[in-house]
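# Descriptive analysis of the structure
Letter by letter, the chains look like this.
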Amino acid sequence: MRTLKVLVAVVLVLALAAGVLYWLRRKHSQTPLPTATPSAPFVTQGRLQIYALDVGQGDSLLIISPTGKTVLIDGGNVQAGEAVIAALQRHGVKTIDLAVASHPHADHIGGLRRVLERVPVKNLLDSGQSFASTEYERLLRVTRDKRIKLINAKRGLNFDLEAGVRLDAFHPQGDGKWLTDVRSGGSVENANSVVLRLSYGAFSMLFTGDAEAETEAALLKARFPLQAQVLKVGHHGSRYATSGRFLETVAPQTAVISCGNDNRYAHPAQATLDRLRKARIAVFRTDLSGELAIISDGKQFDVFPTRATDLAALWLGRMGVDEMALVLPKGARKTEQERD
Ligand SMILES: [Zn+2]
């Protein structure tokens, strides 16, 4: 009898251990989120596709219309150029109909210049700012050398991407009018970023480059139809962008932040993440989730991150120079590569 009791106890303990092991295994092999790799399960045929490419600290957004028209907004920094070219190949892009240089900072145009050198590009939409930098000179030189049509952005320009998809330019104002009244420590180049709204039926997405609150105020004042289901968050989630009133008007369901996991700019800022969270907006970050795919049929849209993100990390901002100001020399001049 005693032996039987011991045997039952042993069996019970073993069953419990097996249960715990099974639970642990399940916990660690949770169904992964859909990936944005070629084997991705999502349907792209006949859909509008937008990819926020994984370029580290910088921006690069690829648009493919249902008929295959292609737009590349920025290309990350020069080191990201290869990754952008690889992503274009992965998504079957052989020609770019419209490349966009949102503004002349290196984390947007460095990689774009590499793309212009290697991939056939028909048009370049540029913010048209005069800006003295080696990278910007290189971008303009390759545009001339490759006989790419240079278009200076201005509000009111629009591009037909076929199948009812269009891209409208809201900013800069154009005709030599620039937004120069920026916050102290702010950047005129950022303030005159190309701002575009992509629309397809009931779906829309707003691309704001590195524009901050002063540009947002100008856009609100000009009464553009800013409403969008998806917002590419301005200036990598800087605290000085994505102001409350702007967010209220755009009223996005989803926000995409493009930033690197090793940046000293406090991107994204805790204050920006708090504003997005308070407004109950679904947030996706390239630093945590890698490349993001946004797919729409003109009615609904879905977002497919490459990697699942831990919710606690998602709502946590990064520390940057403001926080580190106490230990850094004051007024250290930003180099060309450091302009964000
Ligand atoms: Zn930037």
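The shown structure was predicted, so the numbers you read here are calculated from the model rather than taken from an experiment.

In this section: helix α8 (residues 270-278). If you check which residues of α8 are buried, you get T272, L273 and L276. The buried residues of α8 occupy an angular sector of 95 degrees when the element is viewed end-on, so they sit on one face. Looking at the packing, one finds that the buried side of α8 touches α7 (244-250), β12 (254-257), β13 (282-285) and α10 (311-314). Looking one or two residues beyond α8, the residue adopting positive phi is R280, at roughly 60 degrees.

Running from amino to carboxyl end, helix α3 (residues 106-118) crosses helix α4 (residues 134-145) at an angle of 30 degrees, the nearest separation of the two axes being 9 Å. The angle between the axes of α3 and α4 places the two elements in the roughly parallel class. Crossing angle aside, the handedness with which α3 passes α4 is left-handed. Along the contact surface, α3 presents A106, I109, G110, L112, R113, L116 and E117, while α4 presents E135, Y136, R138, L139, V142 and T143.

Taken together, the seven strands give an open sheet; going across it, the order is β7-β8-β9-β10-β11-β12-β13, and neighbouring strands pair in mixed fashion. The strands lining the two open edges of the sheet, one partner per strand, are β7 (158-160) and β13. When strand polarity is set aside, the average angle formed by the axes of neighbouring strands in this sheet is 15 degrees. With three bridges connecting them, β7 and strand β8 (residues 165-171) associate as antiparallel partners. Bridge pairing in β8 links N158 to D168.

When you line up the elements, H108 lands in helix α3. Taking the relative accessible area as the measure of exposure, H108 reaches 0% and is therefore buried. At a separation of 3.3 Å, a polar atom in the side chain of H108 contacts the side chain of H236. When near neighbours in sequence (up to four residues on either side) are disregarded, H108 contacts D59, D74, G75, G76, S102, H103, D210, H236 and D340.

Let's shift gears to helix α6 (residues 213-221). All buried positions along α6 are accounted for by E214, T215, E216, L219 and L220. Those residues of α6 hidden inside the fold are in contact with β8, α5 (188-191), β9 (195-200) and α7. Just past α6, the residue R223 takes up positive phi, approximately 55 degrees.

Right, let's get into the pairing of strand β3 (residues 70-73). Both faces of β3 are covered, namely the face carrying T70 and L72 and the face carrying V71 and I73. Pairing geometry for strand β2 (residues 61-64) and β3, over four bridges, is antiparallel. Paired with I63 across the two strands is V71, which belongs to β3. In this structure, β3 lies alongside strand β4 (residues 96-101), joined through three bridges in parallel fashion. Bridging across to β4, V71 finds its partner in L98. Each parallel crossover has a hand, and for β3 linked through helix α2 (residues 81-90) to β4 it is right-handed.

Another point: the sheet that holds strand β5 (residues 121-126). Taken in spatial order, the eight strands make up an open sheet running β6-β5-β4-β3-β2-β1-β14-β15, and their pairing is mixed. Edge strands, defined here as strands with exactly one partner in the open sheet, are β6 (149-152) and β15 (301-305). Strand after strand, the sheet turns through a mean of 15 degrees between neighbouring axes, direction not considered. α3 contacts β3, β4 and β5 of the sheet and is inclined by roughly 155 degrees relative to β4. Contacts between α4 and the sheet are confined to β4, β5 and β6, with β5 contributing the most and set at about 140 degrees to the helix.

All right, on to the environment of K232 then. Locating K232 in the fold gives a position in strand β11 (residues 230-232). With relative accessibility at 1%, the residue K232 sits in the buried group. The spacing of K232 and P252 is 20 residues in sequence and 9.7 Å in space, taken between C-alpha atoms. If sequence neighbours within four positions are ignored, K232 has contacts with D59, L61, M205, L206, F207, T208, G209 and V256. Within polar-contact distance, the side chain of K232 engages the backbone oxygen of G209 at 2.9 Å.

Parameters and conventions
- Residues numbered from 1 in each chain as written.
- Predicted model: local features only at pLDDT ≥ 70, side-chain atom pairs only at ≥ 80, totals over all residues.
- Heavy atoms only, no water.
- Buried < 20%, exposed > 50% of the residue type's maximum accessible area, 1.4 Å probe, protein only.
- Helix = DSSP H or I, 4+ residues; strand = E, 2+ residues; numbered from the N terminus.
- Arc of directions from axis to C-beta.
- Contact = heavy atoms within 4.5 Å.
- Axes fitted to C-alpha atoms, helices over the stretch in contact; angles between N-to-C directions.
- Parallel < 35°, antiparallel > 145°, perpendicular 65-115°, else oblique.
- Left-handed = near helix turned anticlockwise from the far one by under 90°.
- Pairing = 2+ DSSP bridges.
- Polar contact = N/O pair within 3.5 Å; in protein donor to acceptor, adjacent residues only side chain to side chain.
- Right-handed = clockwise from strand over helix to strand, strands pointing away.

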